[in-house]
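# Fold and geometry: a report
Now for the letters of each chain:
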There are 2 protein chains.
Amino acid sequence: MNAPTATAHLLPEIRLRPVPQAFMDALQARFGTQCSLAQAVREQHGRDEGSMQAPPPSAVVFAESTQDVADAVRLAAQHDVPVIPYGAGSSLEGHLLAIQGGISIDVSRMNRLLSVDADDLTVTVQPGITRKQLNEAIKDTGLFFPIDPGADASIGGMAATRASGTNAVRYGTMRENVLALEVVTASGETIRTGTRAKKSAAGYDLTRLLVGSEGTLGVITEVTLRLYPLPEAVSAAICSFPSIEAAVRTVIQTIQLGVPIARVELIDANTVRMVNAHSKLGLREEPMLLMEFHGSPAGVQEQAETVQSIAQDWNGNAFEWATTPEERTRLWTARHNAYFAAVQSRPGCRAISTDTCVPISRLADCLLDSVTEADASGIPYFLVGHVGDGNFHFGYLIDPDSDDERMVAERLNHQLVARALAMGGTCTGEHGVGIHKMGFLLDETGPGAVGMMRAIKQALDPKNILNPGKIFEM
Amino acid sequence: MNAPTATAHLLPEIRLRPVPQAFMDALQARFGTQCSLAQAVREQHGRDEGSMQAPPPSAVVFAESTQDVADAVRLAAQHDVPVIPYGAGSSLEGHLLAIQGGISIDVSRMNRLLSVDADDLTVTVQPGITRKQLNEAIKDTGLFFPIDPGADASIGGMAATRASGTNAVRYGTMRENVLALEVVTASGETIRTGTRAKKSAAGYDLTRLLVGSEGTLGVITEVTLRLYPLPEAVSAAICSFPSIEAAVRTVIQTIQLGVPIARVELIDANTVRMVNAHSKLGLREEPMLLMEFHGSPAGVQEQAETVQSIAQDWNGNAFEWATTPEERTRLWTARHNAYFAAVQSRPGCRAISTDTCVPISRLADCLLDSVTEADASGIPYFLVGHVGDGNFHFGYLIDPDSDDERMVAERLNHQLVARALAMGGTCTGEHGVGIHKMGFLLDETGPGAVGMMRAIKQALDPKNILNPGKIFEM
């Protein structure tokens, strides 16, 4: 860990590369109506859910097969034109912005479930299927895919950004749950990594290298995932605490005891107020934990009793339980609506989200110092967290037209990242680097590791056409 | 998956590269008595537990610090001399053989526990510490490191080969349990990958790329690992079955039901006979499962009852339980002694071990067809398996002086790998590729993925000095 020296990029550096007419002609000849030049389509594909902007790509190819992706990449490689894979558009760090120009390859039409092997707890899908579509498609198997980043993201995009979310404390992230990939490389070649075996020691772990590479090493065209048996029993609970510290200490002890809790989310008092105003939930306006337990009926009860006992030691109160799906949904409303409630609490605002993740023993210190700073800044914010993993998000609610507010929010984020890195944590638990956190990545890993990443990128994409300008500068 | 086209390498290809006298002089000047040229020391470092042989390295450097490793690699880089990292010498696939000459860097003196963060369930160690030394050093924390490949391997070596073993069905492999690394690169630079945070989306997953790279991308000089709370209750059981199929079907159903079993090992009747002869255990000479359950007392009991009920459906009998450490040790004697009992059953023999891993639904088919082939061959063998992961090992007990027997064993292994690949499995669940499985790796992943590995190797080690000639040809 190095002392932070760079702030997050406030604005992307735009360096448009030429897109030759010969390339555009060849692209349209190959793809016909699958290739759109319409301004609205291009603009939709040139942004994500983050707060940064850039000119749109020159064209959008709607790929319907691996062959389509391979042909588009091969054409782009011939003409040195950047390609940016696009799934559901829900990334947050500028991943989809065409900051060096080029084309977008939209894989949302590649959304088929290719095979489900229920006996092996595996499924193979095309990259454009979303996590909700996937769970709908396998609902009769008694299995489910647990990774839930909030947005109904595409599986390809979730793999590309190493996504996780509320269930990761129990089931891991995309890192642990992608078994195998099919990928189109920078030259347009199609390769396969991994197998359906649960473990392997067969050479370099290309699957894990590609998961989280944000489209810079290849375009994912097939994903094989682990599935899990639907738990026999599920129980949810909410509990209020007199302070964030009391809530977080409850989580820390729960994890340290090895309780296999499936979800444990923090919402601060501030955010509970916003949710109450938005959804009329009448919740106690105190820091709150939302929890979920998966297992056998007896196991779930045992877990819940253990956590309730820990929570009581920290003066947790207003424990409320839910075991039916309807009751659970009601309890989780606060968490699900937090983002929208927060954004609506300040009309016209834009949320700048942080994503630090720290070792669990440092979670309380990291959170509390950052809350103090945020309170002092005067910028309204919400605070939610996948606290079982040590991961949490401040959302600073800024006026998008105010450079001052943006600067204050970025400074708060910068201070938070510096604190998290000093505590042995990471600048991004699950959102990825994109263009927004390139400086933070350097702070976190040092130039040696980024140099190794750069050497790999140079070797696998010598023309730098795959989502160029993301993660690190070449 | 491609149809197998190449057999395993029967003998390593030896292409010794020059080791200039100027290099040897510089090495001895820098390392003095830490550098040994003694024949016995070099020979000990030029082999592993596999059955292949090559001339020993020219020297052995006993590194005592990261700086020692960096200096040795830097000198080697200046003179284009291969370096082979050495931990405990327990690898199986020729990983340690100096097939292109060069020097061995022995890290066994770098065996300190650097920091244990019990509250975060993490520990940072030097690479030469063995797994038993590690567990001994942390025994007062209430935590343990579960990965158990059988041998008392070094943690650095286990990371380098992506090891796993009996506990992986519950706790994962080195892939899931290494959080961060310090590594000396091919130029002698020291870099860090990962943090102590439980999850991260910060750039390429260099940690996972280096885990399993078998010393070909860097020399590991520090490892940060996940630890786990010692389970409140542990219960072990053995159960005999009328057939391998019945035992394996019991395992398949257990996994499919999501029972969080901590260990489930198969021993075939043949191997039980060898163990009885060796250790006078008086076990029923039938296929047997050895199981272990970790959790709360109630949770362990519930798991055990579920599995016992499944086993009864498959006519399992002679269930025997153990809850005290002494009783558990007795039950596990059969598994722990299987290798030695097998090797002693044929004096002077050498075991050639297979390592396929298949999706669990195919485990019975894969095993049974391979048992039929092995029985027909006339070569004695033992059969044990981490069957909860779909991973198992035949050990063909050959006369090392008989080329015929070696050929038959390699043919059996070849047929088994072909079968496993056709079933969506891998040629190696946990031993790695080394020099023995290079052909199989190509069969498994195809030339595209191996080409990607080769490009990464070329980029990160342009002089090909880091354990050259392993995993794939350059």
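Residues numbered from 1 in each chain as written. Chains lettered and ligands numbered in written order. Predicted model: local features only at pLDDT ≥ 70, side-chain atom pairs only at ≥ 80, totals over all residues. Heavy atoms only, no water.

### Details of the packing of helix 1 (residues 21–31) of chain A against helix 3 (residues 66–78) of chain A
Residue and element names in this part refer to chain A.
- For the pair helix 1 and helix 3, interaxial distance at closest approach is 10 Å and the crossing angle is 165 degrees. Considering their axes alone, helix 1 and helix 3 lie roughly antiparallel with respect to each other. Two packed elements cross with a definite hand, and for helix 1 against helix 3 that hand is right-handed. Residues Phe23, Ala26, Leu27, Arg30 and Phe31 of helix 1 form the contact with helix 3, whose participating residues are Gln67, Asp68, Asp71, Ala72, Leu75 and Ala76.
- Class assignment for the residues of the contact of helix 1 with helix 3 results in 7 nonpolar, 1 polar and 3 charged. (Axes fitted to C-alpha atoms, helices over the stretch in contact; angles between N-to-C directions. Helix = DSSP H or I, 4+ residues; strand = E, 2+ residues; numbered from the N terminus. Parallel < 35°, antiparallel > 145°, perpendicular 65-115°, else oblique. Left-handed = near helix turned anticlockwise from the far one by under 90°. Contact = heavy atoms within 4.5 Å. Nonpolar A, V, L, I, M, F, W, Y, C, P; charged D, E, K, R; others polar.)

### Quick notes on the interface of chain A and chain B
- Every contact between the two is made by 78 residues of chain A and, on the other side, 77 residues of chain B.
- Interface area, chain A with chain B, both sides summed: about 6100 Å², of which 60% is carbon and sulfur.
- If you look at where chain A meets chain B, you find 6 salt bridges.
- For B:Glu430, the salt bridge goes to A:Lys199, with nearest N and O atoms at 2.9 Å.
- Applying the counting rule to chain A against chain B returns 34 residue pairs in polar contact (both at pLDDT 80 or more).
- Looking at the side of chain A that touches chain B, the elements that each hand over two or more residues are helix 6 (168–171), helix 7 (174–177), strand 9 (190–193), helix 8 (206–210), helix 9 (244–256), helix 11 (297–313) and helix 15 (438–460) of chain A.
- Among the elements that make up the side of chain A that touches chain B, the one with the highest residue count is helix 15 of chain A (12 residues).
- Residue composition of the side of chain A that touches chain B, grouped by class: 32 nonpolar, 27 polar and 19 charged. (Buried area = accessible area lost by both parts, 1.4 Å probe. Salt bridge = Lys/Arg side-chain N within 4 Å of Asp/Glu carboxyl O. Polar contact = N/O pair within 3.5 Å; in protein donor to acceptor, adjacent residues only side chain to side chain.)

### Comments concerning the relation of the copies chain A and chain B
- With an RMSD of 0.0 Å, the fit of chain A onto chain B corresponds to turning through 180 degrees and sliding 0.0 Å along the axis. When the rotation and shift are considered jointly, the pair of chain copies conforms to a two-fold rotation axis.
- A share of 99% of interface residues in chain A that are also interface residues in chain B marks the association as one of identical surfaces. (Least-squares fit on C-alpha atoms with pLDDT ≥ 70 in both.)

### Considering the nonpolar core
- Of all hydrophobic cores here, the largest spans 189 residues; its most connected members are A:Met174, A:Ile456, B:Met174 and B:Ile456.
- If one sorts the elements of this core by residue count, helix 15 of chain A sits on top with 9 residues.
- Excluding anything up to four places from it in sequence, B:Ile456 contacts A:Tyr204, A:Leu206, A:Leu209, A:Ile456, A:Leu460, B:Leu209 and B:Leu217. (Core = buried A, V, L, I, M, F, W, Y, C linked by side-chain atoms within 4.5 Å. Buried < 20%, exposed > 50% of the residue type's maximum accessible area, 1.4 Å probe, protein only.)

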